[in-house]
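Spelled out, the chains give:
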Amino acid sequence: MTPLACRVVGHRWRFTASDATMRWDCARCGEPGGSKAYASPRQAAHYASAFEGERERGERRFLLGAAPLWLWRRLRRAR
């Protein structure tokens, strides 16, 4: 069964590279997300590193952080 956190806020993907294939799995529940084959192991490692770094820096969490401001503006315009 999928943990509540994964159902509410989504999976927390971890990106890894093995040979020329990049794979991503959920760090919470272990559900496999998918894989993608690249032309070389170097490319797979590069993209896995880039996506993992993006996740660690929290760049995808901007939408969640901006949600209260978006909601406030939307309610203000509705009046």
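Residues numbered from 1 in each chain as written. Predicted model: local features only at pLDDT ≥ 70, side-chain atom pairs only at ≥ 80, totals over all residues. Heavy atoms only, no water.

Student: Explain the overall build of the protein to me, please; I cannot follow it from the model alone.
Tutor: A count of helical and extended segments in the protein gives 3 helices and 3 strands. The order of α-helices and β-strands along the protein, N terminus first, is α-β-β-β-α-α. Taking all 79 residues of the protein together, 16% fall into the buried category. Considering only contacts within the protein whose residues lie at least 6 apart along the sequence, 26% involve residues at least 24 apart. As displayed, the protein has an accessible area near 6400 Å², and 55% of this comes from carbon and sulfur atoms. (Helix = DSSP H or I, 4+ residues; strand = E, 2+ residues; numbered from the N terminus. Buried < 20%, exposed > 50% of the residue type's maximum accessible area, 1.4 Å probe, protein only. Contact = heavy atoms within 4.5 Å. Areas by Shrake-Rupley, 256 points an atom, 1.4 Å probe, with all protein chains shown as cover.)

Student: I would appreciate a short explanation of the pattern of salt bridges in the present structure.
Tutor: Close approach of charged atoms allows side chains of opposite charge to pair. This model, assessed by the stated rule, comprises 1 salt bridge. Put simply, E52 and R14 hold a salt bridge, and the shortest N to O gap is 2.5 Å. Of this pair, E52 sits in helix α2 (residues 41-57) while R14 sits in strand β1 (residues 13-18), and the two are 38 residues apart along the sequence. (Salt bridge = Lys/Arg side-chain N within 4 Å of Asp/Glu carboxyl O.)

Student: Explanation requested: the sheet that holds strand β2 (residues 21-26) in the structure shown.
Tutor: On the basis of which strands lie adjacent, the open sheet formed by 3 strands has the order β1-β2-β3 and antiparallel pairing. In this open sheet, the two strands that pair with only one neighbour each are β1 and β3 (32-37). Averaged over all pairs of adjacent strands, the angle between strand axes in this sheet comes to 20°, irrespective of strand direction. With 5 bridges connecting them, β2 and β3 associate as antiparallel partners. Along β3, the bridge assignment pairs W24 with G34. (Pairing = 2+ DSSP bridges. Axes fitted to C-alpha atoms, helices over the stretch in contact; angles between N-to-C directions.)

Student: Can you help me understand a positive patch on the surface in this one?
Tutor: Positive charge collects at one region of the surface, where R73, R74, R76 and R77 lie side by side. Inspection of the secondary structure puts R76 in helix α3 (residues 62-78). (Patch = residues over 30% accessible without salt bridge, like charges linked within 9 Å, V, L, I, M, F, W, Y side chains within 5 Å. Lys, Arg positive; Asp, Glu negative; His and termini not counted. Charge placed at Lys NZ, Arg CZ, Asp CG, Glu CD.)

Student: I tried to follow the environment of W13 on my own but got confused; where do I start?
Tutor: Its location among the elements puts W13 in strand β1. Relative accessible area serves as the criterion here: at 26%, W13 is assigned to the partly exposed category.

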